Amino acid sequence: MKPVRSFASDNNAGVHPEVLQAISAANVGHTVGYGDDAYTDAAVRKFQEHFGSDIEVFFVFNGTAANVLSLKALTESYHAVICSDFAHIYCDECGAPERFTGCKLIPIPNQNGKLTVESVSHAYHGIGDQHHVQPRVIAITQSTEMGTVYQPDEVKALAKFAHDRDMFLHMDGARIANAAVSQAKTLRQATRDLGVDVLSFGGTKNGLMGAEAVVFFDKKLAGNFQFLRKQGMQLASKMRFISVQFEALLSNDLWQKSAQHANRMARLLEKEIRAISKVKIVYPVEANGVFAQVPHDAIAKLQERYFFYVWSEEESVVRWMCSFDTTEDDIRQFAKFVAETV
Ligand SMILES: Cc1ncc(COP(=O)(O)O)c(C=O)c1O
């Protein structure tokens, strides 16, 4: 018997009811396609309210596209992108960043999912040497693939390192809402104000349906983006149904409430799991993910009832994610099952 809600991924959650309502409300009459419509104007204005009126924002269908097209906008094929060795762009995008940008990705050993100025500086070499790729972008993920959150000073330091060297800071914000609420920051304080140049703004993991955005904090960088998006097959014809989702997410603090809830559920899960002596939490729980080392022979038994992913087979570490619709009951039932099983 499988439960209705699992802890596999915030992608496995449904669509937030307020978002579905917004889609339904927009489902009247005919509207011009490809973003030339009042719904899209309204959604762009919402982004401007949050991030400042001098931004450019473009909607796309998924996070991989947001990342790949962001990087494409910032690079030539002889450039390099410095990222963590566990970055989604490096591990989980099937080589799409390399294929579409032509750039080399330089993976750096991470510390709990993070890059540091010190680690990045080791990859910054060969500048001006025609035999070497030229580092152009530092790409970080916020919150990280390990469920940790860069502190504001850590992001600022990486931005300064990049800007001092004619480089850009890209943020994969698939879970930027979880990161921002974890530090009680606004979306702008958690991104633009720290020196991020281009943001992949995550919607799907926070309750949207196939809706992500690329936000440029310097309009000049967005110059050719509309062409890149179309060539990248990410221009929605019925754009209004993506746009209204963002409008709903960025209104009435929905982004914040949903992310706060998911993070609170992760902290509750952490607390319940810490009470189980045979299970060890392996990374600080700072957003909506809990990573735990579980006795190896218990993993398959747990998965018989709950679907989730093994993060490291070798270290017997698994990943449990919470989302806007996880309930306290879900957590307690799951933790009880874990305790019984191990
Ligand atoms: C850190 C991170 N970035 C980006 C993405 C976006 O991926 P997708 O292309 O599946 O929307 C994900 C999804 O799992 C992710 O975890």
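These lines cover the structure that appears in this document, whether it is placed above or below.

The rules behind the values
- Counting of residues starts from 1 at the beginning of each chain's written sequence and follows it residue by residue.
- Residue-level local features of this predicted model are given only where pLDDT is at least 70; pairs of side-chain atoms are given and counted only at 80 or more, and the full residue set underlies all totals for whole chains, interfaces and linings.
- Each side-chain value is derived from all of the structure's non-hydrogen atoms; neither hydrogens nor water enter the calculation.
- One requirement defines pairing of two strands: DSSP has to find at least two bridges between them.
- Strands are runs of DSSP state E lasting at least two residues, helices are runs of H or I lasting at least four, and both sets are numbered from the N terminus onward.
- What makes two residues a contact is simply this: any of their non-hydrogen atoms within 4.5 Å.
- Axis definition: a line fitted to C-alpha atoms, over the contacting stretch in the case of helices. Angles run 0 to 180 degrees between N-to-C directions.
- Here a residue is near a molecule or strand as soon as one of its heavy atoms is found within 4 Å of it.
- Side-chain atoms alone can form a polar contact between residues adjacent in sequence; in general such a contact is a pair of N or O atoms within 3.5 Å, and within protein one must be able to donate a hydrogen while the other accepts it.
- The Shrake-Rupley method, run with a 1.4 Å probe, gives the accessible areas here. Residue values count only the displayed protein chains as cover.
- Under the convention adopted here, Pro, Cys and the residues Ala, Val, Leu, Ile, Met, Phe, Trp and Tyr are nonpolar, Asp, Glu, Lys and Arg are charged, and Gly plus all remaining residues are polar.

### Some words on the sheet that holds strand S10 (residues 309–312)
With antiparallel pairing, 4 strands are arranged side by side in an open sheet as S8-S9-S11-S10. The open sheet has two edge strands with one neighbour each: strand S8 (280–281) and S10. When S8 meets strand S9 (residues 289–293), the two strands line up antiparallel, connected through 2 bridges. Looking across to S9, one finds that Ile281 is bridged to Ala292. In this fold helix H11 (residues 254–274) packs onto S8, S9 and strand S11 (317–321), with an angle of close to 20° to the strand it touches most, S9.

### Topic: the sheet that holds strand S3 (residues 104–108)
Within a beta sheet, neighbouring strands are joined by backbone hydrogen bonds and run either parallel or antiparallel to one another. Across the sheet, 7 strands lie side by side as S1-S7-S6-S5-S4-S2-S3; this open sheet has mixed pairing. If you trace the sheet from one side to the other, it starts and ends with strand S1 (56–60) and S3, each paired once. The average undirected angle you get between the axes of adjacent strands in this sheet is 20°. Two strands pair when backbone bridges link them, and strand S2 (residues 79–84) and S3 are joined in this way by 5 bridges, in the parallel orientation. When the sheet's bridge partners are listed, Cys83 is paired in S3 with Pro107. Where helix H2 (residues 38–51) meets the sheet, its contacts fall on S1, strand S6 (198–201) and strand S7 (212–216), and the angle it forms with S1 comes to roughly 125°.

### A closer look at the environment of Ala190
Looking at where Ala190 falls in the secondary structure, it is placed in the loop between helix H8 (176–182) and S6. Residues within four places of Ala190 in sequence aside, it is in contact with Met171, Ile176, Ala180 and Lys185.

### Observations regarding the site of the ligand
Lining the immediate environment of the ligand, one finds Asn11, Asn62, Gly63, Thr64, Asn67, His88, Thr141, Glu145, Asp172, Ala174, Arg175 and Lys205. At a separation of 2.9 Å, an oxygen atom of the ligand approaches a polar backbone atom of Gly63. Taking Lys205, its side chain carries an N or O atom lying 2.7 Å from an oxygen atom of the ligand. Computed on the free molecule, the ligand has an accessible area of 390 Å², of which 80% lies beneath the protein chains in the complex. Along the lines of polarity and charge, the residues of the shell around the ligand split into 1 nonpolar, 7 polar and 4 charged.

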